[in-house]
Amino acid sequence: MKHVLGDLARDRQQCMLAAAEAERDGHRAHQHNRLLRQAERADRRLASHWNHAARLRAHLRELESTS
């Protein structure tokens, strides 16, 4: 009986360790996806600002050429 209880305790501990590892992996995956989305958003904002700056410079050149 003692042998069976030891096996059950060991199995329970292994299941708990596996569940904790799966939870950590899920958290890492979620964090990775969140950071990836934030980086992509920042890239889009940066590209938008560069495009806006280019349009403003073109407008300035146009104004300067007609002056």
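Computed from a prediction, not measured in an experiment: that's the story for all the values here. (Residues numbered from 1 in each chain as written. Predicted model: local features only at pLDDT ≥ 70, side-chain atom pairs only at ≥ 80, totals over all residues. Heavy atoms only, no water.)

Time to look at the pattern of salt bridges. By the definition in use, this model includes two salt bridges. Here Arg 28 makes a salt bridge to Asp 25, at a shortest N to O gap of 2.6 Å. With Arg 28 and Asp 25 both in helix H1 (residues 2-66) and three residues apart, the pair spans about one turn of that helix. The class of Asp 25 is partly exposed, set by a relative accessible area of 39%. (Salt bridge = Lys/Arg side-chain N within 4 Å of Asp/Glu carboxyl O. Helix = DSSP H or I, 4+ residues; strand = E, 2+ residues; numbered from the N terminus. Buried < 20%, exposed > 50% of the residue type's maximum accessible area, 1.4 Å probe, protein only.)

Further remarks concern the environment of His 3. Relative to the helices and strands, His 3 resides in helix H1. Sequence-wise, His 3 and Leu 63 are 60 residues apart; in three dimensions their C-alpha atoms are separated by 90 Å.

Together, Met 1, Val 4, Leu 5 and Leu 8 line one region of the surface with nonpolar side chains, adding up to about 450 Å² of accessible area. Considering the arrangement of structural elements, one finds Leu 8 in helix H1. (Patch = residues over 30% accessible without salt bridge, like charges linked within 9 Å, V, L, I, M, F, W, Y side chains within 5 Å. Areas by Shrake-Rupley, 256 points an atom, 1.4 Å probe, with all protein chains shown as cover.)

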